[in-house]
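A look at the structure
Read off the chains here:
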Amino acid sequence: MSPKPHVGIIGAGLSGLRCADVLVQNGAQVTILEARDRLGGRVHQAELEGRLVDLGPNWIHGAPFSRDGEPVSEYNTGLISEAVWTTIDKAFEYSNKNKHTIPPERSLYDFFKETVKETSLSPEEEQLLLDACKLWGAYVGEPIERQSLKFFHLEECIDGNNFFVASTYKRILEYVAKAAQSDATIKLNQKVVKIDTSNDQISITTSAGETHTFDEVVVTCPLGWLKNNLSAFTPALPAPLTSAIKSISYGRLEKVFVRFPRAFWQPDTGTAKPFFAQFLEPNYVEHPAGVEWNQECMSLASLPEDCAQPTLLFYTYGPSGAHIVSRIADLDPASQEYRDTLIGFLEPFYARLPGYNALSKDCVPSAILATKWQTDELGGYGSYSNFQVGLEQGGKDIEVMRAGVAEKGLWFAGGTYLAICGTGDDDGGILEW
Ligand SMILES: Cc1cc2nc3c(=O)[nH]c(=O)nc-3n(C[C@H](O)[C@H](O)[C@H](O)COP(=O)(O)OP(=O)(O)OC[C@H]3O[C@@H](n4cnc5c(N)ncnc54)[C@H](O)[C@@H]3O)c2cc1C
């Protein structure tokens with residue numbers, strides 16, 4: 001290895017950028033190869049009538065609507081909301097304690113069904129609690145029937161306070177990118193198609209046929225990309241690594257922003273209160289039998305004044321997320337068909353919010369925008385990793401990925417969730433996994 005090793009990083013998302021920062025600080029020469037024409041990867045914003053919205057990460061929290069679309073009473077909301085989080089906490093504890101003995105096929109939903117039997121809730125409240133627990137699906141991008149109980153404890157790192165980044169992740173990205181922009185070489189529009197570790201130096205080939213060689217390489221392509229591109233590695237990755245990449249799942253969370261002339265769901269006077277709605281097992285919209293169709297939305301009208309906008313942000317995941325993306329995948333976002341398709345999908349839900357009046361022009365969306373991560377090759381055709389039923393050794397799989405192929409100088413890094421942490425003597429960093 002050269003005295004100042006030359007490290008190649010594939011991907012200029014938060015992981016690649018942060019990785020470049022750390023490596024440069026420790027004396028390496030760093031080159032980042034990024035396939036897109038921009039930095040940030042899944043951290044990305046779009047403009048909706050002059051205001052920025054985050055298409056990737058931001059945050060979530062807790063007024064549910066029942067199966068028949070009626071608002072759940074305030075009493076029940078409080079009761080259920082507390083019970084949901086208590087049950088989720090119990091599930092973390094149970095998963096942590098019994099991770100070695102829980103069968104891989106047992107789901108988080110199985111645990112909720114058993115736990116609910118031990119409460120003193122009425123059958124209606126029990127059902128409501130079970131429906132409300134499904135909000136976890138929007139965290140992991142798949143229904144909780146698919147969430148592995150055995151590896152649920154691995155999600156606990158996102159426990160604690162959640163903050164909604166009102167002004168979007170734009171400035172966080174700018175902050176994280178600063179060091180890489182000044183001290184590393186960043187090459188955009190460089191889609192890597194081949195990573196060859198058969199020689200002393202690692203050789204990387206791009207789709208344009210260019211070759212770059214490095215002493216060491218860090219791959220930060222999303223897990224979904226790795227799953228689809230195992231053949232990009234020569235020689236093939238070691239079997240445990242290949243198996244880890246195949247075993248851990250990749251979720252399907254999508255967001256739809258629906259902007260209105262006015263935030264009709266909140267009173268005209270007074271400070272806007274945070275507003276979050278959950279639509280539990282809706283039987284008032286057509287959907288495939290036996291498939292979960294829960295939706296959630298939060299209001300962006302109650303954000304601080306300079307970020308507030310009369311917009312509902314819907315989180316849609318799993319099969320319903322896949323359904324909506326398949327309907328709009330080929331449509332021009334400026335077209336009437338795009339707008340009609342999204343409105344057709346979401347109107348049954350927002351029409352149940354307080355203040356809705358079908359005859360009022362305040363209740364007709366002025367703009368609508370949906371993400372399509374499931375069609376994004378570089379995003380791994382999905383949103384982020386999760387641990388689904390059937391997984392047998394999730395903890396080990398992650399360790400294997402973290403270890404990479406050290407003897408060849410090939411490493412893997414990437415984010416499932418982002419956590420901002422302070423250590424006391426510095427101003428915090430971004431942690432992934
Ligand atoms: C809808 C959605 C909502 C989310 N919500 C949250 C949230 O609220 N909170 C949270 O903490 N996390 C959330 N996440 C997850 C978060 O976005 C990711 O964990 C994080 O952005 C991952 O960063 P990364 O750098 O590891 O990957 P990425 O940001 O995906 O970066 C990887 C980079 O590699 C590039 N790349 C891929 N393939 C190639 C190739 N062949 N050659 C060259 N470059 C390549 C990509 O273009 C990309 O720029 C969300 C994600 C989505 C999609």
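Since we're looking at a predicted model, the values are computed, not measured.

Procedures and definitions
Residues numbered from 1 in each chain as written. Predicted model: local features only at pLDDT ≥ 70, side-chain atom pairs only at ≥ 80, totals over all residues. Heavy atoms only, no water. Helix = DSSP H or I, 4+ residues; strand = E, 2+ residues; numbered from the N terminus. Buried < 20%, exposed > 50% of the residue type's maximum accessible area, 1.4 Å probe, protein only. Salt bridge = Lys/Arg side-chain N within 4 Å of Asp/Glu carboxyl O. Lys, Arg positive; Asp, Glu negative; His and termini not counted. Polar contact = N/O pair within 3.5 Å; in protein donor to acceptor, adjacent residues only side chain to side chain. Contact = heavy atoms within 4.5 Å. Disulfide = S-S within 2.5 Å. Phe/Tyr/Trp six-rings, centres within 6.5 Å; stacked < 30°, edge-to-face > 60°. Lys NZ or Arg CZ within 6 Å of the ring centre and 35° of its normal. Domains from an automatic or database assignment. Buried area = accessible area lost by both parts, 1.4 Å probe. Nonpolar A, V, L, I, M, F, W, Y, C, P; charged D, E, K, R; others polar.

**Comments concerning unusual backbone geometry**
- Along the chain, Thr 234 connects to Pro 235 via a cis peptide bond; the corresponding omega equals -15 degrees.
- Examined against the element boundaries, Pro 235 turns out to sit in the loop between β11 (233-234) and α8 (239-247).
- Although it is not a glycine, Glu 49 adopts a positive phi angle of roughly 45 degrees.
- The residue Glu 49 is located in the loop between β3 (45-48) and β4 (51-54) in this model.
- Positive phi, close to 55 degrees, is recorded for Tyr 381, a residue that is not glycine.
- Summarising the element assignment, Tyr 381 is placed in the loop between β17 (367-370) and β18 (385-386).
- Tyr 381 gets classed as partly exposed once you look at its relative accessible area, which sits at 40%.

**Some thoughts on the pattern of salt bridges**
- Counting across every chain of the model gives 13 salt bridges.
- Across the pair Glu 49 and Arg 259 runs a salt bridge, and its minimum N-O distance is 3.1 Å.
- Under the relative-accessibility criterion, Glu 49 is labelled partly exposed at 43%.
- Classification of Arg 259 as buried rests on a relative accessible area of 11%.
- Put simply, Lys 134 and Glu 145 hold a salt bridge, and the shortest N to O gap is 3.5 Å. Residue Lys 134 is found in the loop between α4 (123-133) and α5 (136-140), and its partner Glu 145 is found in the loop between α5 and α6 (170-183); the two are separated by 11 residues along the sequence.
- Judged by relative accessible area, Glu 145 falls into the partly exposed class, the value being 30%.
- Here the residues in one salt-bridge network are Lys 134, Glu 145, Glu 281 and Glu 292, joined through shared partners.

**Notes on the side chain of Asp 196**
- Mapped onto the elements, Asp 196 comes out in strand β7 (residues 192-196).
- Of the side chains with opposite charge, Lys 194 lies nearest to the buried Asp 196, which makes no salt bridge, at 4.3 Å.
- In terms of polar contacts, Asp 196 uses its side chain to reach the side chain of Ser 198, at 2.3 Å.
- Apart from residues lying up to four places away in sequence, Asp 196 is in contact with Gln 201, Ile 202, Ser 203 and Thr 234.

**Concerning the state of the cysteines**
- Scanning the model with the defined rule gives 0 disulfides in all.
- Distance from the sulfur of Cys 133, which forms no disulfide, to the nearest cysteine sulfur (Cys 297) is 19 Å.
- Its relative accessible area of 1% is what places Cys 133 among the buried residues.
- There is no disulfide at Cys 307, and the cysteine sulfur nearest it, in Cys 297, is 19 Å away.
- Look at Cys 307 and you get buried, because its relative accessible area is 12%.

**Details of the packing of aromatic side chains**
- This model, assessed by the stated rule, comprises 15 aromatic pairs.
- When the ring of Phe 264 is compared with that of Tyr 356, the centres are 5.7 Å apart and the planes differ by 65 degrees; the resulting orientation is edge-to-face. Taken as a pair, Phe 264 in the loop between β13 (253-259) and β14 (276-279) and Tyr 356 in the loop between α10 (336-350) and β17 lie far apart in primary sequence, 92 residues in all.
- Assessed through its relative accessible area of 4%, Phe 264 is described here as buried.
- An angle of 65 degrees between the planes, with centres 6.0 Å apart, marks the rings of Tyr 284 and Phe 349 as edge-to-face. Placement of Tyr 284 in the loop between β14 and β15 (295-299) and of Phe 349 in helix α10 is noted, with a sequence separation of 65 residues between them.
- Residue classification places Phe 349 among the buried residues on the basis of a relative accessible area of 0%.
- Through pairs of rings, three or more aromatic residues link up here, namely Phe 260, Phe 264, Trp 265, Tyr 350 and Tyr 356.
- The ring of Tyr 284 is capped by Arg 352, whose NZ or CZ atom sits 3.8 Å from the centre of that ring.

**Re the domain arrangement of the chain**
- When cut into domains, the chain gives domain 1 (6-43 + 166-237 + 405-432) and domain 2 (252-376).
- Using only C-alpha atoms to locate each centre, domain 1 and domain 2 end up separated by 34 Å.
- Facing 5 residues of domain 1, the contacting portion of domain 2 comprises 5 residues.
- Both faces considered, domain 1 and domain 2 share a buried interface measuring about 360 Å² in area, 67% of it formed by carbon and sulfur atoms.
- A per-residue breakdown of the area domain 1 buries against domain 2 is headed by Arg 36, Arg 42 and Ala 166, which together make up 86% of the total.
- Taken together, the connections running from domain 1 to domain 2 amount to 1 salt bridge.
- A salt bridge links Arg 36 to Asp 376; the shortest N-O distance between them is 3.0 Å.
- Inspection of the domain 1/domain 2 interface yields 1 residue pair in polar contact (both at pLDDT 80 or more).
- Looking at the side of domain 1 that touches domain 2 residue by residue, the classes come out as 1 nonpolar, 2 polar and 2 charged.

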